[in-house]
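# Fold and geometry: a report
Single-letter residue listing:
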Amino acid sequence: MTLRDGLKAGALVTLGVLLQIMFVSEIEVASGHPDLVLVLLVVAALLRGPVIGAAAGFWAGFVLDVATFETLGLSSLLLTLAGYGAGRLGQVMSKTSPHPPLIAVGLATVGVLLGSTFLHFVLGTTVSASTLLGRVLLPTLALNLLLAWPLHRLVRRLLPLATRERREVSVAV
């Protein structure tokens, strides 16, 4: 975990925010929208850990809120938690699961959508539960899962895994 990795992850999610605002937000399939920023953040956090995931999530949320004139801090909070959670999940699941990107993107999508709904409820705006679960969550989840594998491969090339040094232990007799 270096400063260089943090800067790369920050640049990656900044590019993701720009692409999300300019192009991806226009894509709608069955009332669901793909969340390119969330998928990029989760994949970067899986590869680089919870600290870089949380920092990149905060930065992505801040840039997203400023660029779209949304409630400042709402996306930052949700994406910081998603980045940290994905980084921790990457540490835990790296050896036990064959599909960490799919699982992490699925959990992050559900968590961010439900968290956003809860925070909007607390702030005074409401959304019908049937609309949220039936018409928005499932299509958004499917679209994000479709983006998970190709973006994981792309980000893995940009943020390659560091090779660990092998240490030999010699026993003196």
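Let us look at the structure shown here. Since the structure is predicted, the reported quantities are computational estimates derived from the model, not experimental observations.

### A closer look at the packing of helix α2 (residues 36–48) against helix α3 (residues 50–68)
At a closest axis distance of 7 Å, the pairing of α2 and α3 adopts a crossing angle of 160 degrees. Between α2 and α3, the angle falls in the class roughly antiparallel. Both α2 and α3 take part in a crossing whose hand is right-handed. Seen from α2, the contacting residues are Val37, Leu41, Ala45 and Arg48; seen from α3, they are Pro50, Ile52, Gly53, Ala56, Gly57 and Ala60. For the contact of α2 with α3, a count of residues per class yields 7 nonpolar, 2 polar and 1 charged.

### Some points on unusual backbone geometry
The backbone of Phe69 shows a phi angle near 55 degrees, a positive value even though the residue is not glycine. Along the polypeptide, Phe69 turns up in the loop between α3 and α4 (74–93). Relative accessible area serves as the criterion here: at 76%, Phe69 is assigned to the exposed category.

### Re a nonpolar patch on the surface
A cluster of nonpolar side chains, Leu15, Leu18, Leu19, Met22 and Phe23, forms an exposed patch at the surface whose accessible area comes to about 480 Å². Relative to the helices and strands, Phe23 is located in the loop between α1 (3–22) and α2.

Conventions adopted
Residues numbered from 1 in each chain as written. Predicted model: local features only at pLDDT ≥ 70, side-chain atom pairs only at ≥ 80, totals over all residues. Heavy atoms only, no water. Axes fitted to C-alpha atoms, helices over the stretch in contact; angles between N-to-C directions. Helix = DSSP H or I, 4+ residues; strand = E, 2+ residues; numbered from the N terminus. Parallel < 35°, antiparallel > 145°, perpendicular 65-115°, else oblique. Left-handed = near helix turned anticlockwise from the far one by under 90°. Contact = heavy atoms within 4.5 Å. Nonpolar A, V, L, I, M, F, W, Y, C, P; charged D, E, K, R; others polar. Buried < 20%, exposed > 50% of the residue type's maximum accessible area, 1.4 Å probe, protein only. Patch = residues over 30% accessible without salt bridge, like charges linked within 9 Å, V, L, I, M, F, W, Y side chains within 5 Å. Areas by Shrake-Rupley, 256 points an atom, 1.4 Å probe, with all protein chains shown as cover. Salt bridge = Lys/Arg side-chain N within 4 Å of Asp/Glu carboxyl O.

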